[in-house]
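# Residue-level structure breakdown
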Amino acid sequence: VTRTYTLTDACGNDIDLIQTITVEADAVLADDPIDVTECASYTLPALTNGAYFGTTGGVNPIAVGTVITETATIYVYAVSADNSSCVVENSFSVTINALPAAPSAQDQSECEASPIQILTATATVPEGISIVWYDAATEGNVVASPTLNTVGSVTYYAESVNDDTECASSSR
């Protein structure tokens, strides 16, 4: 924008004053992550634009790769390299749900009878928690019907799963 002003002094002389105003675009970008809900923890991923902070205004920096273990609001803040007055800030919520405790179960042992008995694995969990049975202590396959109906032994592993959050116990 250019403006021209004409000023007249006390003697009647005109003086032209030209003022030019230039506005330069300085686009500042900051990633805008979506809210996250996780079980036990969440690791902050790399950003394309901006950096993580624990407080609004670019205060309390948080490094990429930091493991968040409590529910928090995280801020992504970016400032122009050319003009520190040009800033952008976005925030997102990290909700951390607790893991349920592993279920409690007891070994079962019976003497053979005729006809052969069917032993069914059982475990105890609080209300709002379900049990998922597996054939291994880690990974393994889901066992829909944890039973034994022959002479011998078998081991099944119980995992607790919160019905609301779908978070699973860290051990079986």
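The structure under discussion appears in the preceding block.
Since this is a predicted model, take the numbers as computed values, not measurements.

### Thoughts on the overall build of the chain
When helices and strands are tallied, the chain shows 0 helices and 13 strands. Tracing the chain from N to C terminus, the helices and strands come up as β-β-β-β-β-β-β-β-β-β-β-β-β. Relative to a compact globule of 172 residues, whose C-alpha radius of gyration would be 16 Å, the chain shows 33 Å and is clearly more extended. If one aligns the C-alpha atoms of the chain with their principal axes, the spans along those axes are about 130 × 25 × 20 Å. Taken over 172 residues, the chain has a buried fraction of 22%. Look at the contacts in the chain between residues 6 or more apart in sequence, and 49% of them connect residues 24 or more apart. As displayed, the chain offers around 11700 Å² of accessible surface, 49% of which is attributable to carbon and sulfur atoms.

### Section: the side chain of Asn 162
In this structure, Asn 162 sits in strand 13 (residues 157-162). A polar contact of 2.7 Å, which involves the side chain of Asn 162, links it to the backbone nitrogen of Asp 164.

Reading the values: rules and limits
Residues numbered from 1 in each chain as written. Predicted model: local features only at pLDDT ≥ 70, side-chain atom pairs only at ≥ 80, totals over all residues. Heavy atoms only, no water. Helix = DSSP H or I, 4+ residues; strand = E, 2+ residues; numbered from the N terminus. Rg over C-alpha atoms; globule rule 2.2 N^0.38 Å. Buried < 20%, exposed > 50% of the residue type's maximum accessible area, 1.4 Å probe, protein only. Contact = heavy atoms within 4.5 Å. Areas by Shrake-Rupley, 256 points an atom, 1.4 Å probe, with all protein chains shown as cover. Polar contact = N/O pair within 3.5 Å; in protein donor to acceptor, adjacent residues only side chain to side chain.

What is shown is where atoms sit, not what they do.
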